[in-house]
Amino acid sequence: MKLRAVKGMHDILPDEIGRWHRLEAAFRAMASRHGYEEVRTPVCEPTPLFVRSIGEATDVVEKEMYSFRRHDDELTLRPEGTAGAARAYLEHTVHARQAVTRWSYLGPMFRGERPARGRQRQFHQAGCEIYGDPGPVCDAEMIDMLVGFLGELGVGEIEVLVNSLGSGDTRARYRDALVTHLSPRRADLSEESQRRLDKNPLRILDSKSPRDQELCADAPTVLDVLDGDDRAHFDALRRHLDALGTPYRVDPRLVRGLDYYTRTLFELRGSGGELGAQNALGGGGRYDGMIAELGGPATPAIGFALGLERLLLAMRPELPRAAPLVVLVPLGDAGATACLVLAKELRALSIPAIVDGRGGKLKAMMARAEQRGATVAVLIGDAELERGAVAVKTMATHAQEELPRASVARVLADRLASLGWES
Ligand code: AMP
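What comes next concerns the included structure.

## A short note on the overall build of the protein
Now for step 1: In terms of regular secondary structure, the protein is built from 16 helices and 16 strands.
Now for step 2: Based on the C-alpha atoms only, the size of the protein along its principal axes is roughly 95 × 55 × 45 Å.
Now for step 3: In the protein, buried positions account for 48% of the 423 residues.
Now for step 4: For the protein, contacts bridging at least 24 residues in sequence account for 70% of all contacts bridging at least 6.
Now for step 5: With 56 positive and 60 negative side-chain charges, the protein shows a separation of 4 Å between the mean positions of the two kinds.

## Overview of the site of the ligand
Now for step 1: Near the ligand you find 14 residues, and of these Arg111, Glu113, Gln120, Arg256 and Ala280 are the closest.
Now for step 2: The separation between a nitrogen atom of the ligand and a polar main-chain atom of Gln120 is 2.8 Å.
Now for step 3: Taking Ala280, its main chain carries an N or O atom lying 2.9 Å from an oxygen atom of the ligand.
Now for step 4: Starting from 490 Å² of accessible surface for the ligand in isolation, the protein chains cover 92%.
Now for step 5: Going through the elements one at a time, strand S6 (122–131), strand S10 (280–286) and strand S11 (301–307) are the ones with two or more residues in the shell around the ligand.
Now for step 6: With three residues, S10 is the largest single contributor of residues to the shell around the ligand.
Now for step 7: Classifying every residue of the shell around the ligand by side-chain character gives four nonpolar, five polar and five charged.

## Thoughts on the nonpolar core
Now for step 1: In terms of nonpolar packing, the biggest core is built from 87 residues, with Phe27, Phe149, Leu153, Phe266, Phe304 and Leu311 touching the most fellow members.
Now for step 2: For this core, the leading source of residues is helix H6 (residues 137–152), giving nine residues.
Now for step 3: If near-sequence neighbours (up to four positions away) are discounted, Leu311 is found in contact with Leu23, Phe149, Leu150, Leu153, Val155, Leu281 and Leu306.
Now for step 4: Of all hydrophobic cores here, the second largest spans 20 residues; its members include Ile351, Ala353, Val376 and Ala409.

About the criteria used
Residues numbered from 1 in each chain as written. Predicted model: local features only at pLDDT ≥ 70, side-chain atom pairs only at ≥ 80, totals over all residues. Heavy atoms only, no water. Helix = DSSP H or I, 4+ residues; strand = E, 2+ residues; numbered from the N terminus. Buried < 20%, exposed > 50% of the residue type's maximum accessible area, 1.4 Å probe, protein only. Contact = heavy atoms within 4.5 Å. Lys, Arg positive; Asp, Glu negative; His and termini not counted. Charge placed at Lys NZ, Arg CZ, Asp CG, Glu CD. Near = heavy atom within 4 Å. Polar contact = N/O pair within 3.5 Å; in protein donor to acceptor, adjacent residues only side chain to side chain. Areas by Shrake-Rupley, 256 points an atom, 1.4 Å probe, with all protein chains shown as cover. Nonpolar A, V, L, I, M, F, W, Y, C, P; charged D, E, K, R; others polar. Core = buried A, V, L, I, M, F, W, Y, C linked by side-chain atoms within 4.5 Å.

Quick look at the structure:
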């Protein structure tokens, strides 16, 4: 049997990792500018956590979870980050110490979906959560932060959709209104939507079937049934977004896949870059009921997640800015020792350096340095050692010069800095 990566799960090889590092660093910088602190939770959680928070009748829980049994525990590889963060928030009684908590996270998620461009079975999300603030100020700030972030990444055209699902009561009333509207048309709905009509009718609004969409076109919208407080919350969110100049469109049919949302709901869609049909870059919303549902005190909360693979497809393609590399080429035993010592000095100045200890002809060693992507090769043999010098070859120009051994590390650090690379 040929061993291969699991279908829908991908290796990220060194030639791609630079873009990942830059995206992750940009996300962490943005989150920290807005007062979020990073949290890292396990990739695996007890299965009931996801069933209770995401909801039993959702696609994720019904058909996409990677669940298994080990040591008598039912476990699941996390399909998203919000449930695990909420579990950690409760487990460490953070609510007892902080009135408002802002957390960010970044890492792999797992869903057994049908793989396609921009849809994988292991993918990466970066997200933020705010606990303890009922909004709508922080809701507007979060959406505006995301729009700014996508702009910073050079993601071209984006569309921001917002909606409100109201709080507990409203949602139930809307559910009833939708069932009343769709029940007489039941037989015309797709098979999937007929099933959802009983289990999770709001998800019918998400159906891709044109027939279902037609049947939903004149259905009441959730905004029609918002109560006074929910409406005031949504109106305030819109006022804040308008004041911030954040573009958005109200989409009363936006429901999103997970069950835990209340009130504010949003999704960011892209169209640029190499993004295909999977154009949802990220989204989120309020989940004011989840912390209590998981056994904690009533705590309002809001969060979002961005899909990193999709952001990489949609982002401005940057010129690869290769990290500098010094390859040290020893000629003879004494040269090898000198190379090891110099490499250590370079690394202490944060310059990546490797010693080619394989020996052989000078020409072969220089070819290997070239192939390895060296910015500079440093040759040290007996002759150089005698003169207290080293030979430095700049690979791009092939220029070779001799520099004093004592100061070469500092000189190379200054040169690489002037090339725009900061150590
Ligand atoms: P969700 O957790 O479903 O709200 O998804 C948030 C974001 O994660 C989406 O907008 C996508 O960008 C990304 N995402 C969700 N599922 C996948 C997947 N299977 N493959 C790649 N990205 C995904």
